[in-house]
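# Breakdown of the fold
Below are the chains, spelled out letter by letter.
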Number of protein chains: 2
Amino acid sequence: MMMVRKSKGLGERHKRVLDFIEDYQRKHKHPPSIREIGESCDISSTSVVNYYLNQLEKSGHIERDRKISRGVRLTGSTPLGDMLRIPIYGRIVAGEPILIPSSDFRAFTPDESVDIAMSLMPAKEKGKDLFALEVQGESMIDALVNEGDIVILKPVQDARNGEMVAIWLSDRNETTLKYFYKEKDGYRLQPANPNFKPILIRKTEPLEIKGKVVMVIRKVDRYM
Amino acid sequence: MMMVRKSKGLGERHKRVLDFIEDYQRKHKHPPSIREIGESCDISSTSVVNYYLNQLEKSGHIERDRKISRGVRLTGSTPLGDMLRIPIYGRIVAGEPILIPSSDFRAFTPDESVDIAMSLMPAKEKGKDLFALEVQGESMIDALVNEGDIVILKPVQDARNGEMVAIWLSDRNETTLKYFYKEKDGYRLQPANPNFKPILIRKTEPLEIKGKVVMVIRKVDRYM
DNA sequence: ATGATAATCGAACACCTGTTCGGTGTCAAG
DNA sequence: CTTGACACCGAACAGGTGTTCGATTATCAT
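Keep in mind that what you see is a predicted model, and the values were worked out from it rather than measured. Note on numbering: residues in each chain are counted from 1, in written sequence order. Here the convention is simple: chains get letters from A, ligands get numbers from 1, in the order in which they are written. Totals for whole chains, interfaces and linings use all residues, but because this is a predicted model, local features are given only for residues with pLDDT of at least 70 and pairs of side-chain atoms are given and counted only at 80 or more.

## Remarks on the nonpolar core
- By definition, a nonpolar core groups buried Ala, Val, Leu, Ile, Met, Phe, Trp, Tyr and Cys residues that connect through C-beta atoms lying within 7 Å of each other. With C-beta atoms placed from the backbone, the exposure class of a residue follows from how many other C-beta atoms lie within 10 Å of its own: 20 or more, buried; 12 or fewer, exposed; in between, partly exposed. Counting 72 residues, the largest nonpolar core has Val 151 and Val 213 of chain A together with Val 151 and Val 213 of chain B as the members making the most contacts within it.
- Not counting chain neighbours up to four residues away, the residues in contact with Val 151 of chain B comprise Ala 132, Leu 133, Val 135, Val 145, Leu 177, Val 213 and Val 216 of chain B. Each residue gets a C-beta atom placed from its backbone, and two residues are in contact if those atoms lie within 7 Å.

## Topic: the pairing of strand E8 (residues 174–183) of chain B
Residue and element names in this part refer to chain B.
- Here strand E7 (residues 163–169) pairs with E8 via 7 bridges, running antiparallel. The partner of Met 164 across the bridge, within E8, is Tyr 179.
- One requirement defines pairing of two strands: DSSP has to find at least two bridges between them. Only runs of H or I of at least four residues qualify as helices and only runs of E of at least two qualify as strands under DSSP, and these elements are numbered from the N terminus. Both E8 and strand E9 (residues 186–190) contribute to a ladder of 5 bridges, which runs antiparallel. What sits directly across from Phe 180, in E9, is Leu 189.
- Where E8 folds back on E9, the antiparallel hairpin that results is connected by 2 residues.

## Some details on the protein's contact with DNA strand D
- By convention here, the C-beta atom is placed from the backbone, and a residue is near a molecule or strand when that atom is within 6 Å of it. Taken together, 23 residues surround DNA strand D, and among them Ser 44, Ser 45 and Ser 47 of chain A together with Ile 34 and Ser 47 of chain B come closest.
- Going through the elements one at a time, helix H3 (46–58) of chain A together with helix H2 (34–40) and helix H3 (46–58) of chain B are the ones with two or more residues in the surface near DNA strand D.
- Considering each element in turn, the surface near DNA strand D owes the most residues, 4 residues, to H3 of chain A.

## Here we look at helix H1 (residues 12–28) of chain B
Residue and element names in this part refer to chain B.
- One fewer than the residue count of a helix, multiplied by 1.5 Å, yields its expected span. In a regular helix each residue adds 1.5 Å, so 17 residues correspond to 24 Å; H1 covers 24 Å between its end C-alpha atoms and thus fits that length.
- All of the buried residues in H1 are Val 17, Ile 21 and Gln 25. Considered in projection along H1, the buried side chains sweep an arc of 60° and stay on one side of the axis. Opposite its buried face, H1 presents the exposed residues Glu 12, Asp 19, Asp 23 and Lys 27, each directed more than 90 degrees away.
- In the core, the buried residues of H1 are packed alongside H2, H3 and strand E2 (72–74). Note: the arc covers the axis-to-C-beta directions of the helix.

## Notes on the confidence of the model for chain A
Residues and elements named next belong to chain A.
- In this model, chain A carries a mean pLDDT of 79, and residues with pLDDT of at least 70 account for 76%.
- Scored between 0 and 100, pLDDT is the confidence that the predictor attaches to each residue. Residue range residues 1–8 is modelled with pLDDT below 50. Its contacts to residues more than four positions away, or to other chains, number 0 contacts.
- In this model, residues 101–109 is a region of pLDDT below 50 whose contacts with residues beyond four sequence positions or in other chains number 2 contacts.

The structure is reproduced here in C-alpha cells:
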C-alpha cells in the first residue's frame, strides 16, 4: 500500500536544499559540495545530504554529475550567473484591472517568467521587486507597445513627469500604458506616438499608478 | 629592464585555457578541474595549468576560489549558462546604409553587445549569427520601434510575407523597418501601426533585405 | 658562452568530496 | 510485539583535486 506523502510534493528540508543550491550558485558561480549543503541545512551527515539529493534527482528537480566534485545543478532553465528572473504576473488588458500580488507573495515556481541579463537592466532597478506583464489587445499601441509584448515594471505608487507608467483609471474601467505628466489642473497621459493626442485627467477623477515601465520586450517570431 | 611581451596581451595557450573554461562552463554548468583543463589544452602537468591560471588571475581574466574544487570562473560579465551574447554592429539610421560585417568577422570583444537569455529566444534562432542594431532617429516609429531601441536581427536575403525586416532602398537612400509583403506588381512595406499607410514598391525599384527582426528591446531608463 | 627568466614537467602530498555501509530511532501496519 | 519503511547519523574509504617543489629545457639579452 502506498504511503501518503505528508506534504504534497517536497518536504521542508528539500526546499531548503534547493534554495541553498540556487543561492550558492548565484553567489559563488559554482555549485556547492555535499558537505556545504549539509552545513547550511543543518544536516550533519553527508550521507543524508546524498539521500536528499538522490530524491531530488529522482523527482527531476536537480541533475547530478556523479563522481565529480560539485556536480549538482538545478534542472531546467536556472537563472544562472548574471540574470534576473522576473515573474510574469499576468496580462495587461484594457477593461480589466491588473492584479498585483500582495508584497512578497512569490510562488516557488511562477507560472511563467522572463530571464533578463543583468547587463541589460538599468543599474538602479537590479534586485528590485520587478514584475512583468504580457500585453493583450492593441489598447496600448499608442505607447509603442503591441499585442504580445512583455513589459517589465517596477512597482511604484507615484510617478515623476515623463515616466512611462501602467495606470488604472477606475471610473473609466481601463488600464493603460502612458507617459505621465502632472499639470496644473490634473494629469496628462501622453502617448508615446506623437500622432496620438494626450488624455487629460482631472484631479477629481481617480487615478491609480500600478508601476513604472523599465523595459519592453517584443519577440517577433509569431510571424514565421 | 622589462621584457617585451612576444604577442600583445595573452599567449596562444592562455586563450585556449580561457576558451576552454567558458566552453566547459556552458556545457557542464560547473567549472572544470585543473586536470580537465590540462587534458583539453595539451598541458601534461597540473602545475603548468596552475601556472597559467595564476597568470590569468593576475591579469584579471579569471577569479579563483583557492583550495576548493573547480573554483575557477571567468571575470566580469560572462555569458554564463544559458544566454546568448549578441554583438551590436551599429546603428540603423534612415538615410544611411547598414554596414553588415562580412560573414564571420566577429571581433573577440565587440565594442558593445547585448546578452539575451536563451529562454527568451525563439528556438529556431538560437546559435545563429544574430546581430543587433540600435535605432537612431524616429524614422522607424511606424514599426513600433523608437529611438534608442535595440533590434535583434537574423541575417537573411529573402523574406516571407509578414516578416518584419530591415530594408535598404538604395534609390530612396533609406533604411527602414517594415513588415514585408510580396504583391502582384511589387512589394508592400506595411508599418506595424495600422494608423500609417503602407509603402508600395514597384518591382523596378531596387530593394535589399538586410535582416529579419526577431526581437525588439526597449530600455526605458532615460526618462528617469 | 653564460646567466637570468620563462615555460614545462613529474611526482609527492594533503585535503576535498562523493560513496558506501552498518546503525539508531520513529511510526504505523500487521 | 514484530516488521518494515523512513529519516537520519557517523565513520571509513577511494578517488578527485589543488598545491608545492625540485628539476629540466628553451629563450634571450649580455
